[in-house]
Amino acid sequence: MQRMRVLRLAGIGMIACGALLFLQLQPGFAQQASPTANTTATAKKLPPVHLDGQYFTRDGKRFLPVGAHWVPAKAAMQWPVQWDPKDIEADFAKMHELGYSIVRFDMMWAWFEPRPGDYNPVAFQQLDYFVSLAHKYQIYLHPSLFIGGEVGEAYWDVPWRHGRHPHSDPEMLRLETNLAAEFGRRYANESAIIAWDLTDEPPFWIVQAQTTDAMAINWTRLIAGAIRREDKLHPIVVGTSGEEIGHGPFRPDNIAKEVDFFSVHPFTIYSSDLFPDPMLSERGTYGAAFEIEMANGAGRPAMIHEMGGSTAQYSPERVALYDRLQMYSGVAAGSIGVDLWCYTDASPEQFHKTPYLRTPQETRWGMTAWDRQDKPLATEFKKFSKTVGQLDLTGVTPAPAEVAILIPGEWARTHGDFSRFGLTGPEVTPYVSTFDGDAMPGQAPPSTGADNEWLMSSALNSFILAHRAGLKADFPREYDDWAKRPMLFLPSPLTSTASVIVHVHSDFYERARKYVEGGGFLYASVAADAAIPDMETIFGARLVDTAVVSEVTLKIVEPFGGLKPGDTFHYSLSGANPHVWGSLLEVVGGKIIAVDQEGRPALVANTVGSGKTLLSAYPLETYLANTPAAFEKTESTHRIYEAFRNWTGVKAAFQSDQPSVEVTSLRGDHRGYAVVVNHSAQAYKATISTSLPVKSIRQIGSESSKALSVEGSSWKMDLEPYEAAIVEWK
C-alpha cells in the first residue's frame, strides 16, 4: 500500500531469507501451517466466480464483492513467520461479521521462493489454510503476488535479486513466470479465489523510476500468460495505484490486452496536486468515481482496490464519511467491487519496529481497532455491504455518458508506438522522436509529471463541473468512438500545443467539425498556448494574441441557456504563465455570450450544421484546479456547462436541483438504480428529476426499504450532510 509518492520512492525493507528458512525447518512449524481437522468439516463451498465483461458473477447472478486488505494487527507483515492460525481465523470471523465477501492479502515473494526456483511448501500450506477459512466464512480470497512493496516505505525484497530489475531482467522474468504458473497450476480450480492480483502497486517500488512502458507491458503479458496457461478460471488484475491518473507505465491503456479488469487506489489525501482540499471535501470525494471512469476509458471494468484515510491523521468519524461517499460514488461510476485499505489497525507492539516505526500514519488505517473493536468505518461498511448486497444487477450497466471528456491519443499510446503518426512506406531519412526517450536504448523515459498534472487536474475539474450540471461524463480516448456521446468537452490543455501528451492531434479537428455538423455539441476552453487549425469553421472565432491577466471576470451579455445578462463569474489566477493566461479572440460568425473585464470576447457560441459549439477564451477548469478547496466555497462555474446543456437541448437522465448532490444511474431495461451522493457539509431537501419514464421508486436501506413518492418526473429527498443512498426505479 503506497500512501505518499515520496514513500513509494523511499526505503527498501528486506525479508531475511535465512530467518524464514530457519523457522520453516523448526519442528511442528509445517503442522501449524496446515488447517485443523474441523476447519472445513461443515463449510459450504464458495461457488466459482466469473467476470461477465461488466460485473462478477456467482451461481449465474451478478454481485459486488466488498471487503478490505488484510494485514494482521499483531504479526503485521511478518505473519508468515509469526504464524498464528487461531488469530487469523478470528480475523476471518470478524470480517464475516462486518459483511466482507472478499479479502485481499499479500503473497510474500521471498517466503514462497526463498531460493531461485525453490518453492517453500509451508507457504503453500498456509495459503491452503486461507482457502479453508474462505469457504468456512464465505469470503473470497484475492491474493496479491510478488510482494514486494507494502505498508509505508517498506519494500520486502527477495535476497537473491542482486540488483536485477524484476520487470526486465531475463532471469528474473523466467523465475517470476515460473512461480506465477505454479500458483495457477495449484489453484486452477479453486473456487475460493475470486481473482489473481499480479502484484501490489507496480512498478516495483525499488525500481519505479527505471521502469518503462515496454517493461510494464512485457512483464504483465508474461506473468498473466503463465497463469492462464494453467488456470482458465480466475480473472487477472494488476493492483495499480495512480497509474491511470499519473501516466505511469502500468496505466490501463498499456496493460488492457493482458488483464481482465483494472484496479484503482484513490488516495486523494496524498494527491494534493490534483486534490488541494480537505480530506472530506466535494472534490476529494469524487476521487474514486474519477479514477474509475479514467480506467474504464481503456476498455475494461475497474475495481476500487484500496482506499481510505488514517485515524492517526483524521477523525474516525470523518474517515467513515469520506469512505462512504467514495464507495457509493465509485459504484455509481461502475466500480465492480470495493476493497478498502485496510481491515485493522496495527497493534501497539508494531509501533516499535519498521515499517510502522517510520510511518506513523500507517498505524491507524483499519476499519477496526487492533483488538477487533469496531471503529465508525466498520459501522458504515456494514451498512454499505447490506445495501449493495440487495442490488439486482441482472442486465444492468453504468448509464451511458452524456459528455465525453477526451483523453489525448498521445497520453494513451505506448512510448515508441508510431502507428498513428501518418507515416507510410520506407523513409530515406527516418523519423525519430525526442519525446519517446524510453524507446531508445540508453535513454531515460521522458519527464511528463508537470504536464500530466496539468491535463489530469483540468480533466478532474471538468468531470466535477459536468456532474454539478447534471451531466454524466466519461473519458474516451482520442481514437475511440467518442462521437456516440451527445456532448464533447475539450478543456484546456486539450486545445494547447505544448507537451504532446496533453493535447489532441492536429487532424482531430477535422473529425470534430464533422461531429458538430452531424448534430454534436462541442465545448472547449483555451489558454494562451492554444493552437486550433481552421478554428473559425468550428467555433466562429479565431485566436489573435495572448491575454495576459491576473484576475478574470466573465460578464454575460446575452441570454444563454438560463444565464442572464449581468451574471458574472470571477477567477483569481495562480501563477503567471501561458497555462493560465487567456487568448484574445476575433469573432468570425459566432455570437458573443460573455465578455471579460476589458470588454473582450470571453464566451462565444456558434452553430455549425446541425450542431453547436461554445468556446471559452480562458481556461476555467485550470483556474478551479489551482484553487484550494474550490468547491467548499460559493462556486458557480457549472452554470456555464448547464447553460450549454440547456441551449443544446440535451436532457440529463437524472439531476438534482442542488449542484453538490450527485445523481448517477446504473441502468437496465425499464429499471435501474439512481445513486444519490451529497458531497456537501450542508443538509438539503433535494428535488431529483429524471428524463426517463420512471413509474415507481424505493430507497434501499441496510435494514429496510421505503417507497418514495414520484410527482410527475421528480421526487424529493431529505439528505443529511455527506449522506449517500441508492434508489431503485422502475
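Not measured: the values here are computed from a predicted model.

Cut-off values and rules
- Residues numbered from 1 in each chain as written.
- Predicted model: local features only at pLDDT ≥ 70, side-chain atom pairs only at ≥ 80, totals over all residues.
- Heavy atoms only, no water.
- Helix = DSSP H or I, 4+ residues; strand = E, 2+ residues; numbered from the N terminus.
- Buried < 20%, exposed > 50% of the residue type's maximum accessible area, 1.4 Å probe, protein only.
- Contact = heavy atoms within 4.5 Å.
- Polar contact = N/O pair within 3.5 Å; in protein donor to acceptor, adjacent residues only side chain to side chain.
- Pairing = 2+ DSSP bridges.
- Axes fitted to C-alpha atoms, helices over the stretch in contact; angles between N-to-C directions.
- Core = buried A, V, L, I, M, F, W, Y, C linked by side-chain atoms within 4.5 Å.
- Right-handed = clockwise from strand over helix to strand, strands pointing away.
- Salt bridge = Lys/Arg side-chain N within 4 Å of Asp/Glu carboxyl O.
- Parallel < 35°, antiparallel > 145°, perpendicular 65-115°, else oblique.
- Left-handed = near helix turned anticlockwise from the far one by under 90°.
- Nonpolar A, V, L, I, M, F, W, Y, C, P; charged D, E, K, R; others polar.

A. Spatial organisation of the environment of Asp118. Counting through the fold element by element, Asp118 comes out in the loop between α5 (109-112) and α6 (121-137). Residue classification places Asp118 among the partly exposed residues on the basis of a relative accessible area of 29%. For the pair Asp118 and Phe489, spaced 371 residues apart in sequence, the C-alpha to C-alpha distance is 54 Å. Once you skip the residues sitting within four places of it in the chain, Asp118 turns out to touch Phe112 and Glu113. A polar contact is formed between the side chain of Asp118 and the side chain of Arg115, at a distance of 2.4 Å.

B. Region of interest: the sheet that holds strand β3 (residues 61-63). Overall, antiparallel pairing links the three strands, which are arranged β1-β2-β3 in an open sheet. Unpaired on one side and paired on the other, β1 (49-51) and β3 mark the two borders of the sheet. Neighbour-to-neighbour, the strand axes of the sheet open up by a mean angle of 40 degrees, direction not taken into account. Judged from the three bridges that link them, strand β2 (residues 56-58) and β3 form a sheet pairing that is antiparallel. For Phe56, the partnering residue across the bridge sits in β3 and is Phe63.

C. Layout of the nonpolar core. Counting residues in hydrophobic clusters, the biggest one holds 221 residues, and the most contacted among them are Phe92, Phe130, Phe183, Leu554 and Tyr618. When sequence neighbours within four positions are dropped, the list of residues in contact with Phe183 reads Met107, Phe112, Phe124, Leu127, Leu145 and Trp196. Counting residues in each nonpolar core, the second largest holds 19 residues, with Val663, Tyr684, Ile688 and Leu719 among its members.

D. Spotlight on the pairing of strand β8 (residues 236-239). Residues Ile236 and Val238 of β8 are buried on one face, and the alternating residues Val237 and Gly239, pointing to the opposite face, are buried as well. As paired elements, strand β7 (residues 196-200) and β8 share three bridges and run parallel to each other. Bridged to Asp197 within β8 is Val237. Crossover β7 to β8 through helix α8 (residues 213-230) is right-handed.

E. Geometry of the sheet that holds strand β18 (residues 551-556). Taken in spatial order, the nine strands of this open sheet run β14-β13-β15-β16-β23-β22-β21-β18-β19, and their pairing is mixed. The open sheet has two free edges, formed respectively by β14 (473-474) and β19 (568-572), since each of these has just one partner strand. Pairing analysis gives six bridges linking strand β22 (residues 601-608) to strand β23 (residues 611-616), with the strands arranged antiparallel. Paired with Val604 across the strands is Leu615, a residue of β23. Contacts from helix α19 (residues 638-648) reach β15 (487-490), β16 (521-525), β18, β19, β22 and β23 within the one sheet, and its direction differs from that of β23 by about 160 degrees.

F. Examining helix α11 (residues 287-296) more closely. Burial of α11 is extensive: nine of the 10 residues sit out of reach of the surface. For α11, every residue scored as buried is listed here: Gly287, Ala288, Ala289, Phe290, Glu291, Ile292, Glu293, Met294 and Ala295.

G. Structural detail: the pattern of salt bridges. Per the stated rule, a full pass over the model turns up 41 salt bridges. Between Arg513 and Glu517 there is a salt bridge, with its nearest N and O atoms 3.3 Å apart. In this pair, Arg513 and Glu517 both sit in helix α16 (residues 508-517), four residues apart, roughly one turn of the helix. Using a relative accessible area of 28% as the deciding quantity, one classes Arg513 as partly exposed. Three or more residues are tied together by salt bridges with common partners; here these are Lys74, Asp87, Asp91 and Arg372.

H. Representation of the environment of Thr634 in the model. Counting through the fold element by element, Thr634 comes out in the loop between α18 (620-625) and α19. Taking C-alpha positions, Thr634 is 24 Å from Asp323, a pair spaced 311 residues apart along the chain.

I. Geometry of the packing of helix α12 (residues 316-333) against helix α13 (residues 376-388). Where α12 meets α13, the closest approach of the two axes is 8 Å, and the angle between their N-to-C directions is 20 degrees. Considered as vectors, α12 and α13 are oriented roughly parallel to each other. The handedness of the crossing between α12 and α13 comes out as right-handed. Residues Pro316, Glu317, Ala320, Asp323, Arg324, Met327, Tyr328 and Val331 of α12 pack against Pro376, Leu377, Glu380, Phe381, Phe384 and Thr387 of α13. Classifying every residue of the contact of α12 with α13 by side-chain character gives nine nonpolar, one polar and four charged.

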